[in-house]
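Chain and residue survey
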Amino acid sequence: AQKITQTQPGMFVQEKEAVTLDCTYDTSDPSYGLFWYKQPSSGEMIFLIYQGSYDQQNATEGRYSLNFQKARKSANLVISASQLGDSAMYFCAMREGRYGGATNKLIFGTGTLLAVQP
Amino acid sequence: DGGITQSPKYLFRKEGQNVTLSCEQNLNHDAMYWYRQDPGQGLRLIYYSQIVNDFQKGDIAEGYSVSREKKESFPLTVTSAQKNPTAFYLCASSSMWGPYEQYFGPGTRLTVT
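In this text, all values refer to a predicted model and were calculated from it rather than measured experimentally.

With that settled, consider the interface of chain A and chain B. Across the contact, 20 residues belong to chain A and 23 residues belong to chain B. Of the roughly 1,800 Å² buried between chain A and chain B, counting both surfaces, carbon and sulfur atoms make up 56%. Counting the surface chain A buries against chain B, the share from its top three residues, Asn104, Lys105 and Phe108 of chain A, is 30%. Run the count over chain A and chain B and you get zero salt bridges. Where chain A packs against chain B, one counts two residue pairs in polar contact (both at pLDDT 80 or more). Contributions of two or more residues to the side of chain A that touches chain B are made by strand S5 (33-39), strand S6 (46-52), strand S10 (88-95) and strand S11 (106-108) of chain A. At three residues, S5 of chain A tops the list of elements feeding residues into the side of chain A that touches chain B. Here the side of chain A that touches chain B is composed, by residue class, of nine nonpolar, seven polar and four charged.

Encoded structure:
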């Protein structure tokens, strides 16, 4: 069964430093997508970054980058130069592959609560 | 501005009452989703729809019902059969063409007493 695991319930980081949030996944489908979302205290889920299973390069979006290690089935989020506004819950998610049928359903991990300290 | 709206933001109901949560999108997305989030937990899929007049159960559909009569709208009804309805409910939509990221509404916090 497809599964997303986030082993860090909470993390602290100093402002302006980089931080890595861990995510491992399990799937037998060769085609899949990995997503990271940010959920501030307001509750809305904000899409941050996407990595496709066939993408050769790690995805980057501004201060966010995804460290994709396919053989290890990990998709860690790296936030560079942390800001106070980065304090939020972060969720890793995986889209079920199209192998065997088309669906865009996402499976979410349990999240990591990041606190950025001044 | 394109986006997803959910109303109301906070909803209070008495046990035994059905309640309908609204979700509207103007992103021209074919697919729409309903998730439930409990405190300190990830999101769990309740129902999803990839086309008008068609929808599928997610992982926790019991006690919920949906309809998809229009592309823009995907209301969720929390019925009295749902044993623990108090939760945060998030609606999302996505294109049916890659990369399939889902865009979320602001959520509705439902409290049933």
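So, next bit.
Here the focus is the pairing of strand S11 (residues 108-112) of chain B. Residues and elements named next belong to chain B. Side chains Thr108, Leu110 and Val112 project from S11 onto a buried face, and the interleaved Arg109 and Thr111 project onto a face without burial. As defined by bridge partners, strand S2 (residues 10-13) adjoins S11 across four bridges and the pair is classed as parallel. When the bridges of S11 are listed, Tyr10 appears paired with Arg109. Sheet analysis places strand S9 (residues 87-94) next to S11, joined by three bridges and oriented antiparallel. Bridge pairing in S11 links Ala87 to Leu110.

Moving on, we get to the nonpolar core. In terms of nonpolar packing, the biggest core is built from 25 residues, with Tyr25, Leu34, Trp36, Ile49, Leu77, Tyr90 and Leu114 of chain A touching the most fellow members. Secondary structure elements with two or more residues in this core: strand S2 (10-14), strand S3 (19-21), S5, S6, strand S8 (64-69), strand S9 (74-79), S10 and strand S12 (112-117) of chain A. With four residues, the single largest contributor to this core is S10 of chain A. Apart from the residues within four sequence positions on either side, Tyr25 of chain A is in contact with Lys3, Ile4, Tyr32, Leu34, Phe68, Gln69, Lys70, Lys73, Ser74, Ala75 and Met94 of chain A. In terms of nonpolar packing, the next biggest core, distinct from the first, is built from 21 residues, Tyr47, Phe74, Val78 and Ala87 of chain B among them.

Below, the discussion takes up the sheet that holds strand S3 (residues 19-25) of chain B. All names here are of chain B. With antiparallel pairing, the four strands of this open sheet are ordered in space as S1-S3-S8-S7. The open sheet has two edge strands with one neighbour each: strand S1 (4-7) and strand S7 (64-66). Neighbouring strand axes in the sheet, compared pairwise and without regard to direction, differ in orientation by 20° on average. As paired elements, S1 and S3 share four bridges and run antiparallel to each other. What sits directly across from Ile4, in S3, is Gln25.

Here is what the cut-offs are and how they apply
Residues numbered from 1 in each chain as written. Chains lettered and ligands numbered in written order. Predicted model: local features only at pLDDT ≥ 70, side-chain atom pairs only at ≥ 80, totals over all residues. Heavy atoms only, no water. Contact = heavy atoms within 4.5 Å. Buried area = accessible area lost by both parts, 1.4 Å probe. Salt bridge = Lys/Arg side-chain N within 4 Å of Asp/Glu carboxyl O. Polar contact = N/O pair within 3.5 Å; in protein donor to acceptor, adjacent residues only side chain to side chain. Helix = DSSP H or I, 4+ residues; strand = E, 2+ residues; numbered from the N terminus. Nonpolar A, V, L, I, M, F, W, Y, C, P; charged D, E, K, R; others polar. Buried < 20%, exposed > 50% of the residue type's maximum accessible area, 1.4 Å probe, protein only. Pairing = 2+ DSSP bridges. Core = buried A, V, L, I, M, F, W, Y, C linked by side-chain atoms within 4.5 Å. Axes fitted to C-alpha atoms, helices over the stretch in contact; angles between N-to-C directions.

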